[in-house]
Amino acid sequence: MQLSTRHLLGIKELTPRDIQLILSTAKQFKEVLQRPIKKVPSLRDTTIVNLFYENSTRTRISFELAEKRLSADTVNFSASGSSVSKGESLLDTVNNILSMKVDMVVMRHSASGAPHFLAKHIPAAIINAGDGINEHPTQALLDAFSIQERLGNLEGKKVALIGDIMHSRVALSNIYLLKKMGAEVMVAGPPTLIPKYIAEAFDVKVEYNVKNALQWCDVANVLRIQLERQNQVLFSSLREYNLAYGITRKLLDSVNKEVVIMHPGPINRGVEIDSDVANSSESIILQQVENGVAVRMAVLYLLAGKES
Amino acid sequence: MTTYLDKQQLYSTIQSLATQLIEKHGDFKDTVIIGLQTGGVYVADKIVEQLRHKLDAEIKYGKLDITFYRDDIHKELHVANHTEIPFSLEDKNVILVDDVIYTGRTIRAALNALSDFGRASKVELCVLIDRKFSRELPIQPDYCGKAIESIINQKVKVEWDKEEVILY
């Protein structure tokens, strides 16, 4: 009973069986998180480095908590304030850290493929916490866990990913996972933010009208509009984006059915989603965050056991 | 493969364990039963049924999975089952129930797990089968259905669907 891979580089490399195993193990860890002592000794002989070359709140704290709850020793690395500013290369940085007998690396980097590169050169197990615009596998796993918790089995469920699909590693990981688990996937948003051949490449539906997307789906996973991109001629302004594509209370009420609302965070209130929707009973945004710790505990536990 | 206990003998062994528990713990006001996943839960289910029937009272019963307390995760990963202990163990007498005690490592893990749920005033061990002389730790049952002085190569299995205990 093991994962088919040594690392978690992406959902692309996982089998449906691997995904089932991670989700069912996460369920048991969620129970551990309700106990008075939220700790198990499983990884007490393991040292894990959190190598974050990019900013993060949720993911970093979530991984750190997951590691501590498994009784592992954790070391945090952030690029600012390190020798990266002196020009030290990625490989040198990691090899130096590994020489201090660190067993696993959790890594976030702005270059797509960085963890794959590392996996070829170092013996430690690697978990991708987000690489460029490639994948963010643990986010997709906790999204899947949250959908299952709220709506049951993923098979046949209709999931709409709404927003900046083009630049979203959360979208890609979600598409891979949902398709592997038999869900139906739609990507929705302005045409400038949806890759041209995505329908053929991944067998997903494409929708440029958000109301239609909400009418169709059981779950809407709303993606962040990256504020940096408002000057890149991809959409006219944040206000116009909100008017045409924002998930507002008025829009949700107009579809006259229950749609579960998700968001990976951080939220730009008033842009891709309004506060009253984010805070509503249809939203499982905070449950996603809670589930993130349990899902990451499952991933760490299943990969640590694989050490040769 | 031989049948060690048939259905009749299995149930009378369970009856005898329930009787021993009542002799020691009376009305079970301050005593709780914890069954270990997965074999111990089957035994505990049957014992608790007997206790509820004989005492005509509510018995506090929880299930504990010790997968995350094992010390061998680098050798083999096991599937975790549910843990459900919906009451406090503080100041309670805990009776840990398992089907077979062999090396004692499962019970060691269970004791570690239990201490994370609170400070029990006492913990006792109740097993259906004791494989004597196979221990790797100094742990012995307080209540025992049957003791087998088996050789290391023989395995004991409780077949709950057939309701019998076999040696193979």
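About the criteria used
Residues numbered from 1 in each chain as written. Chains lettered and ligands numbered in written order. Predicted model: local features only at pLDDT ≥ 70, side-chain atom pairs only at ≥ 80, totals over all residues. Helix = DSSP H or I, 4+ residues; strand = E, 2+ residues; numbered from the N terminus. Buried ≥ 20, exposed ≤ 12 C-beta atoms within 10 Å, placed from the backbone. Contact = placed C-beta atoms within 7 Å. Pairing = 2+ DSSP bridges. Nonpolar A, V, L, I, M, F, W, Y, C, P; charged D, E, K, R; others polar. Expected span 1.5 Å × (residues − 1). Bend = angle between axes of the 7 residues up to and from the residue. Domains from an automatic or database assignment. Axes fitted to C-alpha atoms, helices over the stretch in contact; angles between N-to-C directions. Parallel < 35°, antiparallel > 145°, perpendicular 65-115°, else oblique. Left-handed = near helix turned anticlockwise from the far one by under 90°. Arc of directions from axis to C-beta.

1. Looking at the overall build of chain A
Within chain A one finds 12 helices and nine strands. Burial analysis of chain A (308 residues in total) assigns 45% to the buried set. Sequence-distant contacts, at least 24 apart, represent 75% of the contacts inside chain A between residues at least 6 apart.

2. Some points on the pairing of strand β7 (residues 156-159) of chain B
All names here are of chain B. Only one face of β7 is buried, namely the one carrying V156 and V158, since none of K157 and E159 on the opposite face is buried. Taken together, the four bridges between β7 and strand β8 (residues 164-167) define a ladder with antiparallel strand orientation. Residue K157 lies in a different strand from β8, and its bridge partner there is I166. A loop of four residues connects β7 with β8, the two strands running antiparallel in sequence, and E163 in this loop sits at a positive phi of about 55 degrees.

3. Thoughts on the interface of chain B and chain A
Between chain B and chain A, the residue contacts involve 13 residues of the former and 17 residues of the latter. For the side of chain B that touches chain A, the residue count by class is seven nonpolar, five polar and one charged.

4. A word on unusual backbone geometry
With omega at -5 degrees, the peptide bond leading from G265 of chain A into P266 of chain A counts as cis. Mapped onto the fold, P266 of chain A is located in the loop between β9 (260-262) and α11 (275-278). Between Q37 of chain B and T38 of chain B the backbone carries a cis peptide bond, its omega angle lying at -10 degrees. Inspection of the secondary structure assignment puts T38 of chain B in the loop between β2 (31-36) and α2 (39-55). Even without glycine at this site, D56 of chain B takes up a positive phi of about 50 degrees. Of note, D56 of chain B is situated in the loop between α2 and β3 (60-64). Note on D56 of chain B: 7 C-beta atoms within 10 Å, which makes it exposed. Of note, the phi angle at F133 of chain B is positive, near 70 degrees, even though the residue is not glycine. Looking at the secondary structure, you find F133 of chain B in the loop between β5 (122-131) and β6 (143-148).

5. Some thoughts on helix α12 (residues 285-304) of chain A
Residue and element names in this part refer to chain A. The end-to-end C-alpha separation of α12 is 29 Å, in line with the 28 Å expected for 20 residues at 1.5 Å each. Remark: the principal bend of α12, roughly 30 degrees, maps to N291. Within α12, 15 of the 20 residues are buried, leaving the element largely enclosed by the surrounding structure.

6. Observations regarding the domain arrangement of chain A
All names here are of chain A. For chain A, the assigned domains are domain 1 (11-135 + 289-304) and domain 2 (137-285). Inter-centroid distance (C-alpha atoms) of domain 1 to domain 2 is 26 Å. Taken together, the contacts link 21 residues of domain 1 with 20 residues of domain 2. A breakdown of the residues in the side of domain 1 that touches domain 2 according to their chemical character gives 10 nonpolar, six polar and five charged.

7. A look at the packing of helix α1 (residues 16-32) of chain A against α12 of chain A
How two helices sit against one another is set out by the angle between their axes and by the gap between those axes. Residues and elements named next belong to chain A. Axis separation between α1 and α12 bottoms out at 8 Å; the angle between their running directions is 120 degrees. Here α1 lies oblique to α12, going by the angle between them. Note on packing geometry: the crossing formed by α1 with α12 is right-handed. Contacts between α1 and α12 involve L21, I22, T25, A26, F29 and K30 from the former and N291, A294, V295, M297, A298, V299, Y301 and L302 from the latter. For the contact of α1 with α12, the residue count by class is 11 nonpolar, two polar and one charged.

8. Here we look at helix α2 (residues 58-69) of chain A
Residue and element names in this part refer to chain A. For α2, spanning 12 residues, the distance from its first C-alpha to its last is 16 Å, which sits close to the expected 16 Å at 1.5 Å a residue. Of all the residues in α2, the buried ones are T59, S62, F63, A66, E67 and R69. Projected down its long axis, α2 carries its buried residues within an arc of 165 degrees, all on one side. On its buried face, α2 is in contact with β1 (47-52), β2 (73-78), β3 (104-109), β4 (125-131) and α12.

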